[in-house]
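A structural walkthrough
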Amino acid sequence: MSTQHCPRCAHGTIGLLFASPDPGIWEVLRCERCLYCWRTTEPDRRTSRDHYPDTFTMTAEEIGSAPHVPPIPPLRTR
Ligand SMILES: [Zn+2]
């Protein structure tokens, strides 16, 4: 786990998904709340809360009320 915060939702629990075959080159991290993933070598606009575009930030309330897309249709009946 890392001590950094999610660029998208500011959650503080970040998991390590993958690490570079040569240790220390890059890591792929994932937010445990919104599931946003990023590689540590991506630009600040993808890896830093301070630089992440405001348009795409999310709050805990927005995550909780987000619709499931695409919706699952009702089962067909014969
Ligand atoms: Zn997040």
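As the structure is a computational prediction, the values presented were derived from the model and not from experiment.

This paragraph deals with the environment of Val69. With respect to the secondary-structure elements, Val69 resides in the segment after α2 (60-64). Look at Val69 and you get exposed, because 5 C-beta atoms sit within 10 Å. The sequence separation of Val69 and Tyr52 amounts to 17 residues, and the corresponding C-alpha distance is 23 Å.

Counting residues in each nonpolar core, the largest one holds 6 residues, listed as Cys6, Ile14, Leu29, Cys31, Cys34 and Trp38. Contact partners of Cys6, with chain neighbours within four places excluded, come to His11, Ile14, Cys31, Arg33, Cys34 and Tyr36.

Here the focus is unusual backbone geometry. Looking along the chain, the bond that leaves Val69 and enters Pro70 is cis, with omega of -5 degrees. Structurally, Pro70 can be placed in the segment after α2. Unlike most non-glycine residues, Ala10 shows phi in positive territory, near 70 degrees. Along the polypeptide, Ala10 turns up in the segment before β1 (14-19). Note on Ala10: 16 C-beta atoms within 10 Å, which makes it partly exposed. Look at Leu35: it is not a glycine, yet its phi comes out positive at around 70 degrees. Mapped onto the elements, Leu35 comes out in the loop between β2 (27-31) and β3 (37-39). For Leu35, a count of 12 C-beta atoms within 10 Å translates into the label exposed.

Thresholds applied
- Residues numbered from 1 in each chain as written.
- Predicted model: local features only at pLDDT ≥ 70, side-chain atom pairs only at ≥ 80, totals over all residues.
- Helix = DSSP H or I, 4+ residues; strand = E, 2+ residues; numbered from the N terminus.
- Buried ≥ 20, exposed ≤ 12 C-beta atoms within 10 Å, placed from the backbone.
- Core = buried A, V, L, I, M, F, W, Y, C linked by C-beta atoms within 7 Å.
- Contact = placed C-beta atoms within 7 Å.

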